[in-house]
Amino acid sequence: MTVQIPQTYDDLQQKYQSFISRRDNDRHLNIFWETNPSKFNENNGQKFIELSGGMPHESFFPIDSMNLNILKEPVSQDTISVDITKEKPDKLPLLRTLQYALSEGFQPLIDFIMNFITKLNNIPLYDKSLWKIIIAGGSCDSLYKFFETCTDESTTVMVEELTFVPVISNIINTGAKVIPLRLNLDNSDEGIDLNYMESLLTNWSKGPYKHLNKPKFLYTIPTGQNPTGLTQSIEKRQKIYQLAQKFDFVILEDDPYGYLKFPKFNHKDPNSNIYKDGITSQEYIEKVLMKSYISMDTDGRVVRFETFSKIFAPGMRLSFIIMNKFFYDKFLKFQEISTRQPSGIGQQIVYSTIHSMAHSSNDNDVIEAWLQWIMKLAGNYTERRNVMLESLYKTQSYKQNLLDFVEPSAGMFVIIKIHFKGDNIIEQMNDLAKIMDNNGVRAILGYKMAVDQNFSHDNLNYFRLTYAYADNTAQIKEAIDRIDKSLVQYFAK
Ligand SMILES: Cc1ncc(COP(=O)(O)O)c(C=O)c1O
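What counts and how
Residues numbered from 1 in each chain as written. Predicted model: local features only at pLDDT ≥ 70, side-chain atom pairs only at ≥ 80, totals over all residues. UniProt positions renumbered as here; feature names shortened; annotations may be inferred. Helix = DSSP H or I, 4+ residues; strand = E, 2+ residues; numbered from the N terminus. Rg over C-alpha atoms; globule rule 2.2 N^0.38 Å. Contact = placed C-beta atoms within 7 Å. Near = placed C-beta within 6 Å. Nonpolar A, V, L, I, M, F, W, Y, C, P; charged D, E, K, R; others polar. Domains from an automatic or database assignment. Expected span 1.5 Å × (residues − 1). Buried ≥ 20, exposed ≤ 12 C-beta atoms within 10 Å, placed from the backbone. Pairing = 2+ DSSP bridges. Axes fitted to C-alpha atoms, helices over the stretch in contact; angles between N-to-C directions. Parallel < 35°, antiparallel > 145°, perpendicular 65-115°, else oblique. Left-handed = near helix turned anticlockwise from the far one by under 90°. Core = buried A, V, L, I, M, F, W, Y, C linked by C-beta atoms within 7 Å.

Looking at an unreviewed UniProt entry, the protein carries the name Aminotransferase class I/classII large domain-containing protein, with the source organism given as Maudiozyma exigua. According to its UniProt record, the protein has this under Cofactor (unreviewed entry): "pyridoxal 5'-phosphate". Taken from UniProt, the Sequence similarities (unreviewed entry) comment for the protein reads in full: "Belongs to the class-I pyridoxal-phosphate-dependent aminotransferase family."

Pasting the structure below:
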C-alpha cells in the first residue's frame, strides 16, 4: 500500500475527482456579478458607487440593536448582558450579519473555529493550505449537501448498522446504496466490528454486496454514537483509518457528541464526576476527549462534521465541516446555489455569546471561556448519565434479567436491550411501548434506527433512552421507575 500525501491542489483533484457525484459534475454556478476589484481611484475623495448587488440598504432593516443575556454557566441564573448594535461587536456588527454575505460563513467565526480546533488538535496532518472550514446550517444540512455533492447511483456508503436515520435518507435520495456494518454492542470493544469490516472489504467480490461497487465512503458517529451511545477506541480509529487507506474510501466523521465525553461509569462511586472535582481545560483536551479521525489524516480522506446544536442550541442551525480543499470547493458551489449562506443572525449570536463569555478578546481567553462552558455542560451530562445508569442497575427488571444495557461514556444516549422470548420482536416492542406510554414514559424503538432489519435481526430488541431532556435528575429516576414498572407488567402477562 503506497500512501500519497497530497502536496498540491492538483494532487487532491486527481485523488478525489472520482469521489464527486454525477450531479455535481453537471452543476454550474453562473456568476453574473463582477468579482474583480475596481480600478477606480477613491483617493480624490469620491467613493465608488455600488449598483450591482441586489442587497437591501442597511437602513431598511427593521432591527436596530439586540440585547443578549448570556448564562454564566449551564443551569445558572446568573447572566452577562451584551449589546449588539449596527456597529458592535467590531468584527461582526449587525450591519454585516443582517446583510448578504459570503457563502462559506463569516470570517471572524471561521477564525474562532480555526483557533479552537487547532487548540484541540482536531486538524489534519497534511499541508494547512490544502484544507478548509466551511459553516453550514446544522449537521443535517452539512450532511445533506455533502451527499448531494459526492454520491450518486454508482456509490456505495458503509454505515453503522444502527444509525442516525435521516442520513440514510440523504444517501438513498442521491441514488446511492447504503450497506450496514456490524456493531459490537458491548463495553469491551465498542462500535464497528473490525473483523467483519475487514473481511467484507477483503472478500468484496464474493460477499453479499458483490453486485454493488466497492464502498467510497464510511459514515460513522465515533463518539457517543446515536443511537447506541458507543465510543470507538483510539486503536479502533487507527485501524479503520488504515483500512480507509488500503481500500481507498473516505471517512465521514459525524461528531455532534464528541465534547460530551466522560470517564466510564464508576460502579464503586456512582456519583463520581471529574468535572465537579475540577479538571483543567488542558486535562480535558489531553485525557478526556477522544482523538478525532481528522487528527490522523495524512492524505485528505477524512471529512469532519461538527455542530453547535448540542453544545450551544439546536435552533441556531449552525454547524461546520473540516475537509480537503477539493471537496470544500465542490461543497461551496452547492451551498452557493442552494441555501446561499448560513444564517447571519445565527452566526452573530454564536460569535457574540462565545466572545462575551471571555474576560478579554484575546484568542486564548476566548477559547478558554468556551472550553469552560463545554466542560460544565459535560459535567451536567455526566451527572445525568450516572443517575440513569445507577437507577437502571437498581430496577427489578435488571435484577430479574429482563433487560441489560450498554454504559455510555459520551453523548446523550443509553440503549436498554429487552430480553424478549420468541421471534416476533417488533410486535413485542410495540406492545411494550404501549404499556410504557400508558405509564407515562416514552423512548425510541431501536428497530426504527436499523439500516436493514434483517441484517440487524439480533439487535432490534432495544429502546434508546436519553438523559438529555429531563428537567432534572429526579425526573430521570422517575422515568426509569416507570420503565421498570412497564417491564414487570409486560412480562407478568
Ligand atoms: C449523529 C447525528 N448527526 C447529526 C445530528 C443533527 O445535528 P444538527 O442539529 O446539527 O443538524 C444529530 C442530532 O440529532 C445526530 O445525532
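**Student:** What's the story with the overall build of the protein in this structure? I'm lost.
**Tutor:** Helix and strand counts for the protein come out as 16 helices and 15 strands. Radius of gyration (C-alpha) of the protein: 24 Å, near the 23 Å computed for a compact globule of 493 residues. For the protein, the spread of C-alpha atoms along the principal axes amounts to about 90 × 60 × 40 Å. For the protein, the proportion of contacts with a sequence separation of at least 24, taken over those separated by at least 6, is 74%.

**Student:** Would you explain the site of the ligand in this entry?
**Tutor:** Residues in close proximity to the ligand include Gly-138, Ser-139, Cys-140, Phe-164, Ile-221, Asn-226, Asp-254, Pro-256, Thr-307, Ser-309, Pro-314 and Ser-319, which together make up its full environment. Residues that form the shell around the ligand fall into these classes: five nonpolar, six polar and one charged.

**Student:** Is there a simple way to explain the domain arrangement of the protein in this structure?
**Tutor:** By convention, interface size is frequently given as the accessible area that disappears when the constituent parts associate. Along its sequence, the protein is organised into domain 1 (88-363) and domain 2 (377-491). Distance between the C-alpha centres of domain 1 and domain 2: 27 Å. On the domain 2 side, the residues contacting the 33 residues of domain 1 number 30 residues. Looking at the side of domain 1 that touches domain 2 residue by residue, the class counts come to 18 nonpolar, 10 polar and five charged.

**Student:** Looking at this structure, I do not really get the UniProt feature "domain: Aminotransferase class I/classII large" (unreviewed entry) in the protein. What am I missing?
**Tutor:** UniProt marks residues 133-483 with the feature "domain: Aminotransferase class I/classII large" (unreviewed entry), using the numbering shown here. End C-alpha atoms of residues 133-483 are separated by 43 Å, and the span's content is 41% helix alongside 16% strand.

**Student:** Help me out: how do you make sense of helix H11 (residues 325-337) in this one?
**Tutor:** At 3.6 residues per turn, the α-helix brings residues three or four places apart onto the same side. For H11, which comprises 13 residues, the first-to-last C-alpha distance of 18 Å matches the rise-based estimate of 18 Å (1.5 Å per residue) to within 8%. Buried within H11 we find Phe-326, Phe-327, Tyr-328, Lys-330, Phe-331, Phe-334 and Gln-335. Elements in contact with the buried residues of H11: helix H1 (9-16), helix H2 (22-25), strand S3 (131-136), helix H5 (139-150), strand S10 (302-307) and strand S11 (319-324).

**Student:** Explanation requested: the pairing of S10 in the structure shown.
**Tutor:** Across a regular strand the side chains alternate sides, sitting on one face of the sheet and then on the other. For S10, the tally of buried residues reaches six of six residues, placing the bulk of the element in the interior. Alternating positions in S10 separate into two faces, Val-302, Arg-304 and Glu-306 on one and Val-303, Phe-305 and Thr-307 on the other, with burial throughout. The pairing of strand S9 (residues 250-254) with S10 spans four bridges and is parallel. Along S10, the bridge assignment pairs Ile-251 with Val-302.

**Student:** What's the story with the environment of Gln-238 in this structure? I'm lost.
**Tutor:** Tracing the backbone shows Gln-238 in helix H8 (residues 234-247). The partly exposed category is assigned to Gln-238, around which 14 C-beta atoms lie within 10 Å. The sequence separation of Gln-238 and Leu-289 amounts to 51 residues, and the corresponding C-alpha distance is 16 Å.

**Student:** Explanation requested: unusual backbone geometry in the structure shown.
**Tutor:** Trans peptide bonds make up most of the peptide bonds, and negative phi angles are found at most residues other than glycine. With an omega dihedral of -10°, the bond running from Lys-88 to Pro-89 counts as a cis peptide bond. The peptide bond linking Asn-226 to Pro-227 adopts the cis configuration, its omega dihedral lying at 15°. Assignment of secondary structure puts Pro-227 in the loop between strand S8 (217-220) and H8. Not every positive phi belongs to a glycine, and Asn-121 is a case in point at roughly 60°. Tracing the backbone shows Asn-121 in the loop between helix H4 (107-119) and S3. Phi is positive for Arg-317, close to 45°, though the residue is something other than glycine. Residue placement: Arg-317 occurs in the loop between S10 and S11. Under the C-beta neighbour-count criterion, Arg-317 is labelled partly exposed, with 19 such atoms within 10 Å.

**Student:** Which parts of the structure should I look at to understand the sheet that holds S11?
**Tutor:** Strand pairing within a sheet occurs via backbone hydrogen bonds; the two strands may be parallel or antiparallel. If you walk across this open sheet you meet the seven strands as S3-S11-S10-S9-S8-S4-S5, and the pairing is mixed. In the strand order of this sheet, the two ends are held by S3 and strand S5 (177-181), each with one partner. On average, each strand axis in the sheet is inclined to that of its neighbour by 20°, with strand direction left out of account.

**Student:** What is the right way to look at the packing of H5 against H11 in this model?
**Tutor:** For any two helices packed against each other, the geometry comes down to the angle between their axes and how far apart the axes lie. Direction vectors running N to C along H5 and H11 enclose 115°, while the axes themselves pass 9 Å from each other. Comparing the axis directions of H5 and H11 gives the class roughly perpendicular. The way H5 lies across H11 gives a crossing that is right-handed. Within the contact between the two elements, H5 uses Lys-145, Phe-146, Glu-148 and Thr-149 and H11 uses Lys-330, Phe-331, Phe-334 and Gln-335.

**Student:** Explain the nonpolar core here, please?
**Tutor:** Note that soluble globular proteins tend to have their nonpolar side chains buried in a common cluster. Val-303, Met-388 and Ile-416 are the most contacted members of the largest nonpolar core, which has 106 residues in total. When residues in this core are grouped by element, the largest group, 11 residues, is from helix H13 (residues 363-394). Counting the residues that make up this core, at least three belong to each of domain 1 (88-363) and domain 2 (377-491).

**Student:** Explain the environment of Trp-131 here, please?
**Tutor:** Within the fold, Trp-131 resides in strand S3. Sequence spacing of Trp-131 and Met-323 is 192 residues, and the spatial spacing of their C-alpha atoms is 5.5 Å. Each residue touching Trp-131, except ones within four places of it in the same chain, is listed here: Pro-124, Ile-322, Met-323, Asn-324 and Lys-325.

**Student:** Just to check I follow, could you spell out the sheet that holds strand S13 (residues 413-418) for this structure?
**Tutor:** Taken together, four strands build an open sheet; the order of strands is S12-S13-S15-S14 and the sheet is antiparallel. Each end of this open sheet is capped by a strand with a single partner; those strands are strand S12 (403-405) and strand S14 (444-445). As paired elements, S13 and strand S15 (residues 462-466) share five bridges and run antiparallel to each other. Note on S15: the bridge partner recorded for Lys-417 is Tyr-462.

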